[in-house]
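# Structural characterization, general
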Amino acid sequence: MKREKMNHLLKLWRVIFAMLSFSIFLVNFFLFGTLENTTSYLRNIDYAPSFPSLTTTKHAYAFLIAGCESSNPSYMGLLYNIIVAAHILRRSGSTSDIVILVRMATTSTETSLLLDPDVEEVLQNYGIILKYLEKAKVDNFYTAMLDKFAILDLKEYTRVLFMDADVMPLCNLDYMFKLSEGKNAVLRENIVLAYRHEPASGGFFILKPNHTDYLSMVQIQSERLKQGYHFDTLNGWGHTIQPPDEWVTLYGERGTNWTFYGALADQGLLYYWTKYFKKSLSIINTNKVETWSSSDSDINMVQKIREEHDIIGHGCASTLPSTYQRPSSHDEGYGIPYADFVHFTGKAKPWVRKQQSPASEFWFSILREVVKENNMLLDVENFKIGFPSLGSFPAHIMAHQAMEAEVAASEVTRNEGLNNNTDNQKETKEKFIVSPHNRLTYGRLEAPRTPTGRFVGGKNKEKKFGLMLTYGG
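Structure report, in brief. Only a predicted model underlies this, so the values are computations on that prediction, with no experimental measurement involved.

### Re the overall build of the protein chain
- The helix and strand tally for the protein chain stands at 12 helices and 15 strands.
- When burial is assessed residue by residue, the protein chain has 51% of its 473 residues classed as buried.
- Intrachain contacts of the protein chain at a sequence separation of at least 6 include 72% that bridge at least 24 residues.
- Here the protein chain displays about 22,900 Å² of accessible surface, and carbon together with sulfur accounts for 53% of that area.

### As for the pattern of salt bridges
- Here the structure, examined in full by the defined rule, presents 17 salt bridges.
- A salt bridge links Asp213 to Lys278; the nearest nitrogen and oxygen atoms lie 2.9 Å apart. Of this pair, Asp213 sits in helix α7 (residues 211-226) while Lys278 sits in the loop between α8 (266-277) and β10 (280-285), placing them 65 residues apart in sequence.
- For Glu290, the salt bridge is made with Lys304, and the minimal N-O distance between the two is 3.7 Å. Note that Glu290 is positioned in strand β11 (residues 288-294) and Lys304 in strand β12 (residues 302-309), a separation of 14 residues in sequence.
- A single network of salt bridges, built from pairs that share partners, joins Lys288, Glu290, Lys304 and Glu307.

### Focus: the packing of aromatic side chains
- Tallied over the entire structure, the rule returns 20 aromatic pairs.
- Taken together, a centroid distance of 5.9 Å and an interplanar angle of 45° make the contact between Trp258 and Phe260 tilted. Residues Trp258 and Phe260 agree in their burial class; the two are buried.
- A ring pair is formed by Trp351 and Trp363, whose centres lie 5.4 Å apart and whose planes are at 40°; its orientation type is tilted. Of the two residues, Trp351 is situated in the loop between β13 (341-343) and α9 (358-373) and Trp363 in helix α9; the sequence distance between them amounts to 12 residues.
- The exposure class assigned to Trp351 is buried, which follows from its relative accessible area of 0%.

### A word on the state of the cysteines
- Evaluated as defined, the whole model comprises one disulfide.
- Residue Cys171 pairs covalently with Cys316 via a disulfide, S to S 1.9 Å. Torsion about the S-S bond of the Cys171 and Cys316 cystine: about 60°, corresponding to right-handed handedness. Of the two residues, Cys171 sits in the loop between β5 (167-169) and α6 (175-180) while Cys316 sits in the loop between β12 and β13, which places them 145 residues apart along the sequence.

### Topic: the sheet that holds strand β2 (residues 97-104)
- Ordered by their spatial adjacency, nine strands build an open sheet running β3-β2-β1-β4-β7-β6-β10-β11-β12, and the pairing between neighbours is mixed. Each having just a single partner strand, β3 (128-132) and β12 make up the two edges of the open sheet. The sheet shows a mean angle of 25° between the axes of neighbouring strands, taken without regard to direction.
- The pairing of strand β1 (residues 59-68) with strand β4 (residues 159-163) spans four bridges and is classified as parallel. If you follow Ala62 over to β4, its bridge partner there is Phe162.

### A few points about α9
- Compared with an ideal rise of 1.5 Å per residue, which puts 16 residues at 22 Å, α9 spans 22 Å between its outermost C-alpha atoms and is within 8% of the ideal.
- For α9, the complete set of buried residues consists of Ala359, Ser360, Phe362, Trp363, Phe364, Ile366, Leu367, Val370 and Val371.
- Buried residues belonging to α9 abut α3 (76-91), α4 (117-125), β5 and β13.
- Asn375, located one to two residues past α9, shows a positive phi value of around 55°.

### Considering the side chain of Lys349
- Tracing the backbone through its elements, the reader meets Lys349 in the loop between β13 and α9.
- Here Phe344 takes part through its backbone oxygen, which lies 2.9 Å from a polar atom of the side chain of Lys349.

The rules behind the values
- Residues numbered from 1 in each chain as written.
- Predicted model: local features only at pLDDT ≥ 70, side-chain atom pairs only at ≥ 80, totals over all residues.
- Heavy atoms only, no water.
- Helix = DSSP H or I, 4+ residues; strand = E, 2+ residues; numbered from the N terminus.
- Buried < 20%, exposed > 50% of the residue type's maximum accessible area, 1.4 Å probe, protein only.
- Contact = heavy atoms within 4.5 Å.
- Areas by Shrake-Rupley, 256 points an atom, 1.4 Å probe, with all protein chains shown as cover.
- Salt bridge = Lys/Arg side-chain N within 4 Å of Asp/Glu carboxyl O.
- Phe/Tyr/Trp six-rings, centres within 6.5 Å; stacked < 30°, edge-to-face > 60°.
- Disulfide = S-S within 2.5 Å.
- Pairing = 2+ DSSP bridges.
- Axes fitted to C-alpha atoms, helices over the stretch in contact; angles between N-to-C directions.
- Expected span 1.5 Å × (residues − 1).
- Polar contact = N/O pair within 3.5 Å; in protein donor to acceptor, adjacent residues only side chain to side chain.

Structure, rendered in structure tokens:
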């Protein structure tokens, strides 16, 4: 009798288990659609790390290097800076992952970095993960800036702090993650820093990854590039700013038009994405933090729900080993987190031109320590690498090269549907391809160009007409 009862219970349990398994299958099917949809991100980013993670965490620091090829290893200066940054983070106690997004040069036949064995060993020792992006249609600084937002597809993490590859942290920045997540969080999942001439710095920000968001970001970028040369300074990336809403920079500049530094590039896109698309944002400006969210009366609108002061704390200076002589940041006086990192913008990169500055000397002292501890064959005293192949800042023409490539790609797709009709192809080309010799506009300013595509007056004329997109890289 007992055996029959046991058999009955066993059969009942098997039925319950089968029903539970089928329910899980249905949930996955309706959430993700098909297997093809759930793995489609592999077209855009390689998730197989080249090196193992130091530890499994839900947070990550991310950097980006682009235009990489062995025949022009100028990107190695940025790679060494990331190694210096990783050394500082690890020595200061960071347990977060460190990820490098790598974009190989468009002209290169290589699919991955060809590194010396001692460099590979250092990356492995610090648990640095390499993830490879698709090659760009146009390999320049502007398209590289847009690829920063590939961090949205790092969905194995709940928060990612992106830093430009020429940023050097001065201590353990893990506190930024803790301020953004958990029951005691005082910051939103998206965090930007107002910087010198822009309301959102493209060199230091935090986003919450999500694959659906990543696909939306790709679509926003694609649609923007298809619009052609003109950048709408009223609507920007997709939103008209209405008073009393306005953007404010670290230096106190303010406005409603999309004319701030880098509005056409990553900094404008970052500001639009976090504030007007996601509508969930913390903006840090000196010791003040503004929190923005969807409006209570209209979910399509955004509103500032609070403004607070001195809520971030004392930063991470105490996490740096006492043997290190911490230099002051360029923006030390603006509080935390500005004081906890150095951004080597423009030509002020230690590996490009040695500077007699505390930050540059600190950088070389860390590099010496890295070389010594890892037995690297690197002559630190004579270490010098030129500017990256993509340059040190984005010029306006780079944006238009990217736009033209996007339009050309659309033309190819359109032509495929015209059954090779010569007249139709010619008409499409004349309609959609814009001459690179047209006058270029940036806000209300414009610069004339010669028939060869050069700015009249050369580089000085380009600066005069305000065509720089961002503060450096």
